[in-house]
Amino acid sequence: MTRPDDVMPPKLDSGALAPTLWSTEEQRPRISAVDLFCGVGGLTHGLVQGGIRVGAGVDIDPACRYPFEANNSATFIEKDVNQLSGNDLLQYFAPGDLKLLAGCAPCQPFSTYSRSGRSKKRELDWQLVLGFGRLVQELEPELVTMENVPQLADHAVFQDFVKYLDGYHVWSSVVECSTIGVPQSRRRLVLLASKLGSEGLRLSSGEYVKRTVRETISGLPPIEAGEQHARDPLHTASTLSPLNMKRIKASRPGGTWRDWEPELRAACHRKESGATYPSVYGRMEWDAIAPTITTQCFGYGNGRFGHPEQDRAISLREAAMLQTFPEGYKFVRSGEKIQFSRLGRLIGNAVPVRLGKVIAETLTSHVKKSFGQELPQA
Ligand SMILES: C[S@@+](CC[C@H](N)C(=O)[O-])C[C@H]1O[C@@H](n2cnc3c(N)ncnc32)[C@H](O)[C@@H]1O
């Protein structure tokens, strides 16, 4: 059984691939990618920042098209991954480049909140991971990367996915994203697979600087609860009820609802037994990392999503920046109405851009190491 952190033994002679590797103008290996389940493009944008060319992203949700295409020079393919063949994707890889098939299938079926019930839906979603595996088999890319929630590693479907990687060196591990410079606590299962070898085929967390909430969002202009900033429509905070306004005023950064006067507490928190979820209605701390940015991150009552000093929940722009999207990343067309639940879902479900960048840098360095000095120059 393959467990995260295992590296599978060599299966392929990498020398056979060497002539395709150098681009004449840049003297470095080129990698082209297709991003399955691309969403708004968190993973794609990070791969591009890390030097990988992304030809296309595939997603079934039409809401992802605008943000994906407005921020990335890649084609958005609005399709069910299960309806695609390897041949359909071939045209999106630049000729002569190494092919990378990347993807992050929907995570909800594997999260701790959704283990029970909805078993039919769960089975269908699991098939998406296997659809990814089938495309690996059909396309035979030199490189593969997959990201998901850590719980996926405990399911048989993960082992089934790894079976599709016969002939690849495989590394997988649970990565705490704050150790690679994401200003957020976010644990993710990351898998890297390569036909080139195992050298450097692992994410290392050693050399990255931790980033805080202050370093990430303190430069944004102040806004009030319910306000939308005139210049950036995404810098919008949800409204607060009069009771929640009193609560946030009584909250200190890093504290809990236990700090409040009893009359401000929710009925379930007044009972001695009501000790669950102490971090709901919490405020973030300036000099710490943020909690995991979820699809509900725009709601003060949904977690520790209160701004460190302004009396409001974080704005959608702040959530996106804590997911390491650049400040100028476009999520809505000019004049488009802000829908918190839709945008929260797109932002909370994204792969942090920085994680994509670190994956790209790791794979690029792995490719260089795999060929070393033996690589012929064109
Ligand atoms: C976890 S999100 C991926 C986030 C994305 N990688 C990013 O960085 O922004 C999973 C995505 O899978 C998409 N999806 C769900 N079922 C799909 C299917 N059958 N085919 C293609 N995409 C699908 C969802 O619409 C969602 O955008």
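Values in this document were obtained by computation on a predicted structure and should not be read as measured data.

Looking only at helices and strands, one finds 11 helices and seven strands in the protein. Across the protein, every contact between residues at least 6 apart in sequence was considered, and the portion connecting residues at least 24 apart equals 72%.

Here we come to the pairing of strand β3 (residues 75–78). The sheet contact formed by strand β2 (residues 53–59) and β3 spans four bridges and is parallel. By the bridge assignment, V58 is partnered in β3 with I77. Taken together, β2, helix α2 (residues 65–71) and β3 constitute a β-α-β crossover, and its handedness is right-handed.

Here the focus is the site of the ligand. What surrounds the ligand is a group of 22 residues, the closest being F37, G39, G42, D61 and A350. Breaking the shell around the ligand down by element, the ones donating at least two residues are α1 (42–49) and β2. Tallied by class, residues from the shell around the ligand come to 14 nonpolar, five polar and three charged.

Okay, the nonpolar core next. Ranked by size, the top nonpolar core spans 99 residues in total, and within it L36, L47, L100, F132, A319 and A320 carry the most contacts. Per element, the largest residue contribution to this core is eight residues, and it comes from helix α11 (residues 353–371). Not counting residues up to four positions away in its chain, the partners in contact with L47 are A33, I52, V54, A102, G356, I359 and A360.

Glancing now at the environment of V162. You can see V162 is positioned in helix α5 (residues 156–163). C-beta crowding within 10 Å serves as the criterion here: with 22 such atoms nearby, V162 is assigned to the buried category. Spatially, the C-alpha atoms of V162 and G133 are 7.9 Å apart, while their sequence positions differ by 29 residues.

By the criterion of burial, α1 is predominantly enclosed, with seven of the eight residues buried. All buried positions along α1 are accounted for by G42, L43, T44, H45, G46, L47 and V48. The first or second residue beyond α1 is G51, which carries a positive phi of 100°.

Moving on to the pairing of strand β4 (residues 98–103). With six of six residues buried, β4 lies mostly within the body of the structure. Where burial is concerned, the two faces of β4 agree: the one with L98, L100 and A102 and the one with K99, L101 and G103 are both buried. Sheet topology places strand β1 (residues 31–36) next to β4; six bridges connect them, and they run parallel. Note that in β4 the partner of L36 across the bridge is G103. When β4 meets strand β5 (residues 143–148), the two strands line up parallel, connected through four bridges. Among the inter-strand pairings, L100 is bridged to a residue of β5, identified as L143.

It is worth spelling out the sheet that holds β2 at this point. Strand order across the open sheet formed by seven strands is β3-β2-β1-β4-β5-β7-β6, with mixed pairing between neighbours. Either end of the sheet is taken by a strand with one partner, and the two such strands are β3 and β6 (169–176). Strand after strand, the sheet turns through a mean of 15° between neighbouring axes, direction not considered. In the packing of α1 onto the sheet, the strands contacted are β1, β2, β4 and β5, and the crossing angle to β2 comes to about 175°. Strands β1, β4, β5 and β7 (187–194) of the sheet are contacted by α11, whose axis makes an angle of about 25° with β7.

In this model, the protein carries an average pLDDT of 87, and 82% of its residues clear a pLDDT of 70 or more. Scored below 50 in pLDDT, residues 6–25 shows 39 contacts in the model against residues more than four places distant or in partner chains. Scored below 50 in pLDDT, residues 373–378 makes 10 contacts in the model with residues more than four places away or belonging to other chains.

Thresholds applied
Residues numbered from 1 in each chain as written. Predicted model: local features only at pLDDT ≥ 70, side-chain atom pairs only at ≥ 80, totals over all residues. Helix = DSSP H or I, 4+ residues; strand = E, 2+ residues; numbered from the N terminus. Contact = placed C-beta atoms within 7 Å. Pairing = 2+ DSSP bridges. Right-handed = clockwise from strand over helix to strand, strands pointing away. Near = placed C-beta within 6 Å. Nonpolar A, V, L, I, M, F, W, Y, C, P; charged D, E, K, R; others polar. Core = buried A, V, L, I, M, F, W, Y, C linked by C-beta atoms within 7 Å. Buried ≥ 20, exposed ≤ 12 C-beta atoms within 10 Å, placed from the backbone. Axes fitted to C-alpha atoms, helices over the stretch in contact; angles between N-to-C directions. pLDDT = per-residue confidence, 0-100.

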